[in-house]
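Geometric and topological summary
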Amino acid sequence: MTAGDDTTLWEEIKPHLDAALERLGTVDREAVLLRYMQGASLADVGRTLGLSENAATQRVHRAVEKLQRM
């Protein structure tokens, strides 16, 4: 796969991902964006959202499962 292929694939996927993220609740969306778009550790996700690291882990996991179902 070339960089051009990656770009084309991303352009195809992005609108669907954006729509699915919009359907998540605010905290779930923020958790996913912090973890995967900003590269925050689960401990940092927890601190930002006022959760323990364990709760942040569960929140991110459940949010990703919701996205997969969408």
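Coordinates for the structure precede this section.
A brief structural summary.

Cut-offs applied
Residues numbered from 1 in each chain as written. Predicted model: local features only at pLDDT ≥ 70, side-chain atom pairs only at ≥ 80, totals over all residues. Heavy atoms only, no water. Helix = DSSP H or I, 4+ residues; strand = E, 2+ residues; numbered from the N terminus. Expected span 1.5 Å × (residues − 1). Buried < 20%, exposed > 50% of the residue type's maximum accessible area, 1.4 Å probe, protein only. Arc of directions from axis to C-beta. Patch = residues over 30% accessible without salt bridge, like charges linked within 9 Å, V, L, I, M, F, W, Y side chains within 5 Å. Areas by Shrake-Rupley, 256 points an atom, 1.4 Å probe, with all protein chains shown as cover. Salt bridge = Lys/Arg side-chain N within 4 Å of Asp/Glu carboxyl O. Axes fitted to C-alpha atoms, helices over the stretch in contact; angles between N-to-C directions. Left-handed = near helix turned anticlockwise from the far one by under 90°. Contact = heavy atoms within 4.5 Å. Nonpolar A, V, L, I, M, F, W, Y, C, P; charged D, E, K, R; others polar.

As a further point, take helix 4 (residues 53–69). Its 17 residues give helix 4 an end-to-end C-alpha distance of 24 Å, which sits within 8% of 24 Å, the value for a rise of 1.5 Å per residue. By the burial criterion, the buried members of helix 4 are Ala 56, Val 60, Ala 63 and Leu 67. For helix 4, the arc enclosing every buried residue in end-on projection is 65°, short of the 170-degree limit, so these residues lie on one face. Set apart from the buried face of helix 4 by more than 90 degrees, the exposed residues are Asn 54, Gln 68 and Arg 69.

Taken together, the side chains of Leu 9, Trp 10, Ile 13, Tyr 36 and Met 37 define a hydrophobic patch exposed on the protein surface, amounting to about 510 Å² of accessible area. Contributions of two or more residues to the nonpolar patch are made by helix 1 (3–23) and helix 2 (26–37). For the nonpolar patch, the element with the highest residue contribution is helix 1, accounting for 3 residues. Of note, Ile 13 is situated in helix 1. For Ile 13, a relative accessible area of 38% gives the class partly exposed.

What follows deals with the packing of helix 2 against helix 3 (residues 42–49). A pair of packed helices can be characterised by two numbers: the angle between their axes and the separation between those axes. Direction vectors running N to C along helix 2 and helix 3 enclose 145°, while the axes themselves pass 9 Å from each other. The handedness of the crossing between helix 2 and helix 3 comes out as right-handed. The segment helix 2 lies against helix 3, with Val 27, Glu 30, Ala 31, Leu 34 and Arg 35 engaging Leu 42, Val 45, Thr 48 and Leu 49. When grouped by side-chain class, the residues that make up the contact of helix 2 with helix 3 number 6 nonpolar, 1 polar and 2 charged.

To continue, consider the pattern of salt bridges. Summed over all chains, the structure comprises 4 salt bridges. Between Arg 59 and Asp 28 there is a salt bridge, with its nearest N and O atoms 3.0 Å apart. Taken together, the residues Arg 59 in helix 4 and Asp 28 in helix 2 connect sequence positions 31 residues apart. On the basis of relative accessible area, Arg 59 is assigned to the partly exposed category, the value being 27%.

Its relative accessible area of 7% is what places Asp 28 among the buried residues. Excluding its chain neighbours within four sequence positions, the residues that come into contact with Asp 28 are Arg 59, Ala 63 and Lys 66.

Interpretation note: all reported values are geometric properties and have no functional meaning in isolation.
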